[in-house]
Amino acid sequence: AMNDAAAMRLATEFGGQAMSQLKQSLDTVQEYVQRGPDGVSWLCFVGGLATFALGALGFVDVFAMLFDPLYYLVNAYQMLFGLGTCIIEAPREWVQNEKLQRARGFIFEFA
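Residues numbered from 1 in each chain as written. Predicted model: local features only at pLDDT ≥ 70, side-chain atom pairs only at ≥ 80, totals over all residues. Heavy atoms only, no water.

Chemist: Just give me the short version of the overall build of the protein chain, but keep the residues and values in it.
Modeler: Along the backbone of the protein chain there are five helices and zero strands. Taking 13 Å as the expected radius of gyration for a compact globule of 111 residues, we find that the protein chain reaches 21 Å, considerably beyond that expectation. Along the first, second and third principal axes, the C-alpha set of the protein chain runs to 65 × 45 × 20 Å. Across the 111 residues of the protein chain, 16% fall into the buried class. Of the contacts made within the protein chain by residues no fewer than 6 positions apart, 37% connect residues no fewer than 24 positions apart. For the protein chain, the accessible area works out to roughly 8,700 Å², and carbon and sulfur atoms hold 68% of it. (Helix = DSSP H or I, 4+ residues; strand = E, 2+ residues; numbered from the N terminus. Rg over C-alpha atoms; globule rule 2.2 N^0.38 Å. Buried < 20%, exposed > 50% of the residue type's maximum accessible area, 1.4 Å probe, protein only. Contact = heavy atoms within 4.5 Å. Areas by Shrake-Rupley, 256 points an atom, 1.4 Å probe, with all protein chains shown as cover.)

This is the structure in structure tokens:
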């Protein structure tokens, strides 16, 4: 009975901390959305980075290419999609390279 009470207190404490962190994260997202296009653009850029990173993790698995080529192809597409999102949503001052500016223009025109 004593261990159950201690476990319950510990679970309650960790649950409260988790809820506090979740609320703080949601407040940050809400702040970015309220900033308007710049805030939303930044969130999209971070989403593109996450998409690229997850695709890269699956793309590194060379055995998937042999045993599950569709999985490998989906990860390659996911990497390209994430990279495209990052190029589109990157702040203009980050895209100083002429090739990146042309790629950005191409994506805006044809995507």
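Now, onward.
Chemist: Talk me through the packing of aromatic side chains; I want residue IDs and the actual numbers.
Modeler: The full count for this structure, using the stated rule, is three aromatic pairs. With a centroid separation of 5.6 Å and 25° between ring planes, the pair formed by Trp42 and Phe45 is classed as stacked. In this pair, Trp42 and Phe45 are both assigned in helix 2 (residues 37–59), three residues apart and thus about one turn of the helix distant. (Phe/Tyr/Trp six-rings, centres within 6.5 Å; stacked < 30°, edge-to-face > 60°.)

Chemist: I'd love a proper account of a nonpolar patch on the surface, names of residues and values included.
Modeler: Residues Met19, Leu22 and Leu26 make up a contiguous nonpolar surface patch of roughly 320 Å² in combined accessible area. Locating Met19 in the fold gives a position in helix 1 (residues 2–34). (Patch = residues over 30% accessible without salt bridge, like charges linked within 9 Å, V, L, I, M, F, W, Y side chains within 5 Å. Salt bridge = Lys/Arg side-chain N within 4 Å of Asp/Glu carboxyl O.)

Chemist: So what's going on with the pattern of salt bridges? Which residues, and what values?
Modeler: For the structure shown, the criterion picks out one salt bridge. Of the charged contacts in the structure, one is a salt bridge between Asp27 and Lys23, with a shortest N-O distance of 3.1 Å. Separated by four residues within a single helix, Asp27 and Lys23 lie in helix 1, roughly one turn from each other. By relative accessible area, Lys23 is classed as exposed at 52%.

Chemist: Can you lay out the environment of Gln96 for me, pointing to particular residues and giving the numbers?
Modeler: Here Gln96 shows up in the loop between helix 4 (69–89) and helix 5 (98–110). By relative accessible area, Gln96 is classed as exposed at 55%. Separated by 17 residues in the primary sequence, Gln96 and Met79 place their C-alpha atoms 22 Å from one another.

Chemist: A description of helix 2 should follow, citing residues and the corresponding values.
Modeler: Between its first and last C-alpha atoms helix 2 spans 32 Å; for 23 residues at 1.5 Å apiece the expected length is 33 Å, and the two agree. Turning to helix 2, its buried residues number three or more, namely Gly39, Phe45, Gly48, Gly55 and Gly58. (Expected span 1.5 Å × (residues − 1).)

Chemist: Requested: an account of the confidence of the model for the protein chain, with residues and values cited.
Modeler: Averaged over every residue, the pLDDT of the protein chain is 83; residues scoring 70 or more account for 93%. Helix 5 is the least confidently modelled element of the protein chain, averaging 77 in pLDDT, while helix 4 averages 89, the highest of any element. (pLDDT = per-residue confidence, 0-100.)

Chemist: Tell me about the packing of helix 2 against helix 4, residues and numbers included.
Modeler: When two helices pack together, their arrangement is given by the angle between the helix axes and by the axis-to-axis distance. Packing of helix 2 against helix 4 brings their axes to within 7 Å, and their N-to-C directions diverge by 155°. Judged by the inter-axis angle, helix 2 sits roughly antiparallel to helix 4. Seen along the crossing, helix 2 lies across helix 4 with a hand that is left-handed. Every residue of helix 4 that contacts helix 2 at Ser41, Cys44, Phe45, Gly48, Leu49, Thr51, Phe52, Leu54, Gly55, Ala56, Gly58 and Phe59 is listed here: Tyr71, Tyr72, Asn75, Ala76, Gln78, Met79, Phe81, Gly82, Leu83, Thr85, Cys86 and Glu89. In terms of residue class, the contact of helix 2 with helix 4 is made up of 14 nonpolar, nine polar and one charged. (Axes fitted to C-alpha atoms, helices over the stretch in contact; angles between N-to-C directions. Parallel < 35°, antiparallel > 145°, perpendicular 65-115°, else oblique. Left-handed = near helix turned anticlockwise from the far one by under 90°. Nonpolar A, V, L, I, M, F, W, Y, C, P; charged D, E, K, R; others polar.)

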